[in-house]
Amino acid sequence: MKKLNRYLALLATVLALISCQSEENRYDLIPYPNHIEQMPGRFAFDNHTQIFVSPECGDEITGVLKQFAGQLQKTSGLELKWAEKEGKNGIVVKLNPELADEAYNLHIGKNNIEIAAATPNGVRFALQTVKQLLPAAVYGDTLVTDANWSVPCATIDDAPRFGYRGLHLDVARHFFSIAEVKRILNVMAVHKLNTLHWHLTDDQGWRIEIKKYPRLTEVGSMRSKTMIAKEWDNYDNTPYGGFYTQDELRDIVKYAADLGITIIPEIDLPGHMMAALASYPELGCTGGPYEVSGQWGIRDDVLCAGKDKTFDFIENVLLEVMDIFPSKYIHIGGDECPKLRWEKCPACQARIKALGLKDDEHGTAEHYLQGYVTERVEKFLNDHGREMIGWDEIMEGGLSTHATVMSWRGVSNGVEAAKQGHDVIMTPTSPLYFDYYQSRDTQSEPLAIGGYNPVDLVYKFNPVPDELTEEEAKHILGTQANVWTEYMPTNEQLEYMIMPRIAALSEVQWDQLENKDYNRFLNHIGHILEIYNAMGLNYAKHLFEVEGEYMVDESKGCIVATLRTQGDAPIYYTLDGTEPTTASTRYTEPIEISTDTDTCTLKAIVVRDQVKTRTLVRPFSFNKATGHLAELKDAPSPKYTFGGASVLTDGIHGDFNYSNGCWLGFIDTPLDATIDLGETQEVSRVKVGSLVQYSEYIFPPTKITVYAADGENPMTEIGKLDIPVAPKQDADGVREYTCEFPSVPASKIRVVVNTTDKIPDWHGARGEKGWLFVDEISIN
Ligand code: ACM
Ligand code: ZN
């Protein structure tokens, strides 16, 4: 019996070796190393594997190895041994001070894994690479003894492109527990991010205990109600809140540090301060009363910049913040601070006078007052050995060159800041706001703020714009994605918005431009999703869905639908509204959809073994304009052009996702479209589909004018619709504006849709131009 057992064990080993050797080595790494030489063979972990950490490495690096060994033991059952000297079968870790800060050399041979780095993070990233090469189960909590606990041989010399690789998390709009934030830190570590920018205070809640100001959490951490969906005047009347004690914060700072992640706290000032004002009304210009806001958006009430006690407050808060968070940088916000109260406040005006601040061509005295606040706070931070970061608005009041600017309103402010000699972190809304939609198919998505930042757009982002010189480009410290949580009430939702976009972000942050390769990324993402599964994370699956693109074909008078999915998985579709199956038509070439009916629904599925994804559902509605290409007098804004004029007559109605290709955006010029109907038709109605999303400065049209011509006759005005500006904020939504007139024969119709010249006074961006978004012009 014993002999048979031994024989069976030997057979199993031989079979394992054969299968191991015949298996092609895979290197499913995200971010992919900047230099990797793949080699045949594998290093197998077993109970004899030793760890040798050379003595000069110190305790922190030894701790990193202990963490790795502990996780491997928990999931594989293998117990690595600690060696006094270098052995044959083992991990050897050495310090190499010549290497760059977070760089590492990793050699995986058949007998040894050798790691060299200058810092603990270098060693962490080497081991993270090893972990990604192991079975995904190594990221889990359960023992999996039958996995192949080996890694493919390779020589890797790796270092990040950027030193700042961040993710931002807003816990003010919705609160996430320490345990939930740790899950996010864990996934950041998988992808070698090194900074969590933690947005801890805002109008809707104060989340950090400050011992000197207990009311900040007693009062400021709770709002009495939250607006429902995007209805600005409709509330759930349910108290909502939460905060972290200083002990909890110290615990998570340490937890993050063990993962190689620095937490940068943000105290957003002088705007976004309603929670603090509700707690201490004397800090505002009017003295209140104030309440913690249950509504999203920008508030007019901000900290009073005239009163000395405001600065005492800021400094005392920052003293406690600095005591908890050892980060080099402290973020002071600075975004979206209306100046309305300061314009009327005697204390603010007195300070403006005392400082001699004046309006000029670059800004108002009140803008310079914000500059004064920023500089004063920066000096305080500098005096305490810290550096300041602020959102790009901090440039508006003039700025000392120490401050680091976070460019969120596109990249142009970041470019300007770098040219002025500031360090910059690039976090443009497109494509780095992970609160934007990641699918065109918004109707089947959970509600999001708007926009469209799918994985591929995130991947393609380059944080160093071409217009920067080599010297200026050195000021781009790095990049981060921002996660604002207005529409993320649950942890599942939060994770769904972050993953897998964070994987794409990590290659933007880590990989040199020439080493980025989206196809390679797509090849590797399957393994990364297995890692997310092992970690119990919720993630989005859009990468594996069917996507459609729709264009008007004027010559055929039809809509052409092009379907795509990742890889060569088969796509099946129907056009009659029935559910597609593998017996439906298989997609092989673009589909020509006739506009002869009133409506049509395209449904498509992709069939895969591993991942089940949603059915693509694309309804169309047709009218006399559909299939005829409009001629536009002025192009839409370059940011929102997509398929161009085709969008207006493709039979597709848009939804909240204003940058998914269903909408055209206009700001500087009206929409002025002429549509040739091909032949004379009776026309009595023109409808314009328009989006209203006040928080994104998207307003209804102010006027629609319709002109018609028949044959060679000149155009004459045949109808007009004036649309009054809403006297106060009403509900966001997709609207349709109809202009009706007595029926006329026409072969050409011109439609002019006017934009909002001045955003009304009830809005935080009063006086600025409003956006107009139009999805469709229908003619009947
Ligand atoms: C921001 O998104 N308000 C920085
Ligand atoms: Zn004031």
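Calculation rules
Residues numbered from 1 in each chain as written. Chains lettered and ligands numbered in written order. Predicted model: local features only at pLDDT ≥ 70, side-chain atom pairs only at ≥ 80, totals over all residues. Heavy atoms only, no water. UniProt positions renumbered as here; feature names shortened; annotations may be inferred. Pairing = 2+ DSSP bridges. Helix = DSSP H or I, 4+ residues; strand = E, 2+ residues; numbered from the N terminus. Donors = N, O, S within 2.8 Å, 3.2 Å for Na, K, Ca; no water. Tetrahedral: all angles 85-135°; square planar, octahedral: opposite > 155°, others 65-115°. Buried < 20%, exposed > 50% of the residue type's maximum accessible area, 1.4 Å probe, protein only. Axes fitted to C-alpha atoms, helices over the stretch in contact; angles between N-to-C directions. Core = buried A, V, L, I, M, F, W, Y, C linked by side-chain atoms within 4.5 Å. Contact = heavy atoms within 4.5 Å. Salt bridge = Lys/Arg side-chain N within 4 Å of Asp/Glu carboxyl O. Expected span 1.5 Å × (residues − 1). Polar contact = N/O pair within 3.5 Å; in protein donor to acceptor, adjacent residues only side chain to side chain. Phe/Tyr/Trp six-rings, centres within 6.5 Å; stacked < 30°, edge-to-face > 60°. Lys NZ or Arg CZ within 6 Å of the ring centre and 35° of its normal. Arc of directions from axis to C-beta.

Per an unreviewed UniProt entry, the chain goes by the name beta-N-acetylhexosaminidase and belongs to Barnesiella viscericola DSM 18177. Looking at the chain in UniProt, the text filed under Catalytic activity (unreviewed entry) is "Hydrolysis of terminal non-reducing N-acetyl-D-hexosamine residues in N-acetyl-beta-D-hexosaminides." Database annotation for the chain, UniProt heading Sequence similarities (unreviewed entry): "Belongs to the glycosyl hydrolase 20 family."

Moving on, we get to the sheet that holds strand β6 (residues 112-117). Judged by pairing direction, the sheet is mixed, and its seven strands sit side by side in the order β1-β7-β5-β6-β4-β2-β3 without closing on themselves. Whereas interior strands pair on both sides, the edge strands pair on one side only; in this sheet they are β1 (36-44) and β3 (81-82). Here four bridges tie strand β2 (residues 50-53) to strand β4 (residues 90-95), and the two strands are oriented parallel to one another. Considered in β4, the bridge of Phe 52 is made with Val 92.

In this section: the coordination of the zinc ion (ligand 2). All of the protein donors around the zinc ion (ligand 2) are Cys 285 (SG), Cys 304 (SG), Cys 345 (SG) and Cys 348 (SG); their distances to the metal are 2.3 Å. For the zinc ion (ligand 2), the four donor atoms are set out with angles of 105 to 114° between them, so the coordination reads as tetrahedral. Here the donor residues of the zinc ion (ligand 2) share one chain and are spaced in sequence as C-x18-C-x40-C-x2-C. Remark: Cys 304 occurs in the loop between α7 (274-279) and α8 (308-324) and Cys 285 occurs in the loop between α7 and α8; sequence separation between them is 19 residues.

All right, on to the pairing of β6 then. Along any regular strand, the residues point their side chains to alternate faces of the sheet. Counting buried residues along β6, five of its six residues qualify, which places the element largely inside the surrounding structure. Where β4 meets β6, six bridges bridge the pair, whose relative direction is parallel. The partner of Leu 95 across the bridge, within β6, is Ala 117. Sheet analysis places strand β5 (residues 104-108) next to β6, joined by five bridges and oriented antiparallel. Bridge pairing in β6 links Asn 105 to Ala 116.

Overall, antiparallel pairing links the three strands, which are arranged β22-β23-β26 in an open sheet. Every other strand in the sheet has two partners, leaving β22 (547-553) and β26 (591-594) as the edge strands with one partner each. Across this sheet, the average inter-strand angle for adjacent strands is 30°, counted without regard to direction. Pairing geometry for strand β23 (residues 558-564) and β26, over four bridges, is antiparallel.

It is worth spelling out the nonpolar core at this point. Most often, soluble globular proteins have nonpolar side chains that are buried together. With 209 residues, the main nonpolar core has Phe 45, Trp 198, Trp 206, Ile 502 and Phe 521 as its most contacted residues. Among residues more than four places away in sequence, those in contact with Ile 502 are Leu 167, Val 187, Met 188, His 191, Leu 193, Phe 434 and Tyr 532. In terms of nonpolar packing, the next biggest core, distinct from the first, is built from 30 residues, Val 683, Cys 739, Leu 772 and Ile 779 among them.

To continue, consider the pattern of salt bridges. With the rule as written, the count across this model stands at 35 salt bridges. Put simply, Arg 183 and Glu 495 hold a salt bridge, and the shortest N to O gap is 2.7 Å. One end of the pair, Arg 183, is in helix α4 (residues 178-190); the other, Glu 495, is in helix α16 (residues 491-498), with 312 residues separating them in the sequence. Taking the relative accessible area as the measure of exposure, Arg 183 reaches 25% and is therefore partly exposed. A salt bridge links Glu 736 to Lys 687; the shortest N-O distance between them is 3.9 Å. Of the two residues, Glu 736 is situated in strand β34 (residues 733-754) and Lys 687 in strand β31 (residues 671-692); the sequence distance between them amounts to 49 residues. Taking the relative accessible area as the measure of exposure, Lys 687 reaches 23% and is therefore partly exposed. In this structure, a network of salt bridges that share partners links the residues Asp 170, Arg 173, Asp 202 and Glu 486.

What follows deals with α8. Taking 1.5 Å of rise per residue, the 17 residues of α8 would be expected to cover 24 Å, and the 25 Å separating its terminal C-alpha atoms lies within 8% of that figure. Those residues of α8 not exposed but buried are Thr 310, Phe 311, Phe 313, Ile 314, Val 317, Leu 318, Glu 320, Val 321, Met 322 and Ile 324.

On to unusual backbone geometry, then. The linkage connecting Ile 30 with the following residue, Pro 31, adopts the cis geometry, with an omega of 5°. Mapped onto the elements, Pro 31 comes out in the loop between α1 (2-22) and β1. Going from Leu 269 to Pro 270, the amide bond is cis rather than trans, its omega being -5°. Its place among the elements puts Pro 270 in the loop between β16 (262-266) and α7. Even without being glycine, His 272 reaches a positive phi, approximately 55°. Its place among the elements puts His 272 in the loop between β16 and α7.

Before going further, it helps to examine the UniProt feature "active site" (unreviewed entry) in the chain. The residues that UniProt annotates with the feature "active site" (unreviewed entry) are Glu 336. Within the fold, Glu 336 resides in the loop between β17 (329-331) and α9 (340-344). According to the relative accessible area criterion, Glu 336 is partly exposed, its value standing at 24%. Setting aside its immediate chain neighbours within four residues, Glu 336 contacts His 272, Ile 298, Glu 393 and Trp 408. There is a polar contact of 2.8 Å between the side chain of Glu 336 and the side chain of His 272.

According to the stated counting rule, one finds 30 aromatic pairs in the structure shown. Aromatic pair Trp 391 and Trp 484: ring centres 5.7 Å apart, planes at 45°, arrangement tilted. Of this pair, Trp 391 sits in strand β18 (residues 387-391) while Trp 484 sits in the loop between β21 (476-483) and α16, and the two are 93 residues apart along the sequence. Here Trp 391 falls in the buried class, since its relative accessible area comes to 0%. A relative accessible area of 9% places Trp 484 in the buried class. One aromatic cluster in this structure is built from Trp 391, Trp 408, Tyr 433, Tyr 436 and Trp 484. Its guanidinium or amino end placed over the ring of Tyr 235, Lys 225 lies 4.1 Å from that ring's centre, counting from NZ or CZ. Its guanidinium or amino end placed over the ring of Tyr 518, Lys 460 lies 5.6 Å from that ring's centre, counting from NZ or CZ.

Residues Ile 571 and Tyr 573 line one face of strand β24 (residues 571-574) and the alternating positions Tyr 572 and Thr 574 line the opposite face, and both faces are buried. With four bridges connecting them, β24 and strand β27 (residues 599-606) associate as antiparallel partners. Directly across from Ile 571, in β27, lies its bridge partner Val 606.

With that settled, consider helix α6 (residues 246-258). For α6, spanning 13 residues, the distance from its first C-alpha to its last is 18 Å, which sits close to the expected 18 Å at 1.5 Å a residue. By the burial criterion, the buried members of α6 are Gln 246, Leu 249, Ile 252, Val 253 and Ala 256. Considered in projection along α6, the buried side chains sweep an arc of 120° and stay on one side of the axis. Looking at α6, the residues exposed on the side facing more than 90 degrees away from the buried face are Asp 247 and Lys 254. Looking at the buried residues of α6, the elements they touch are α4, β9 (195-199), β16 and α8. Looking one or two places after α6, you find Gly 260, whose phi comes out positive at around 80°.

Relative to the helices and strands, Thr 755 resides in the loop between β34 and β35 (772-779). On the accessibility criterion, Thr 755 (10% relative accessible area) is buried.

Here Gln 681 shows up in strand β31. Taking relative accessible area as the criterion, Gln 681 reaches 18% and is therefore assigned buried. Not counting chain neighbours up to four residues away, the residues in contact with Gln 681 comprise Lys 624, Val 744, Pro 745 and Ala 746.

It is worth spelling out the environment of Pro 745 at this point. With respect to the secondary-structure elements, Pro 745 resides in strand β34. Residues Pro 745 and Asn 186 lie 559 residues apart in sequence; the distance between their C-alpha atoms is 66 Å. Leave out the neighbours within four places in its chain, and Pro 745 touches Thr 680, Gln 681, Glu 682 and Asp 710.

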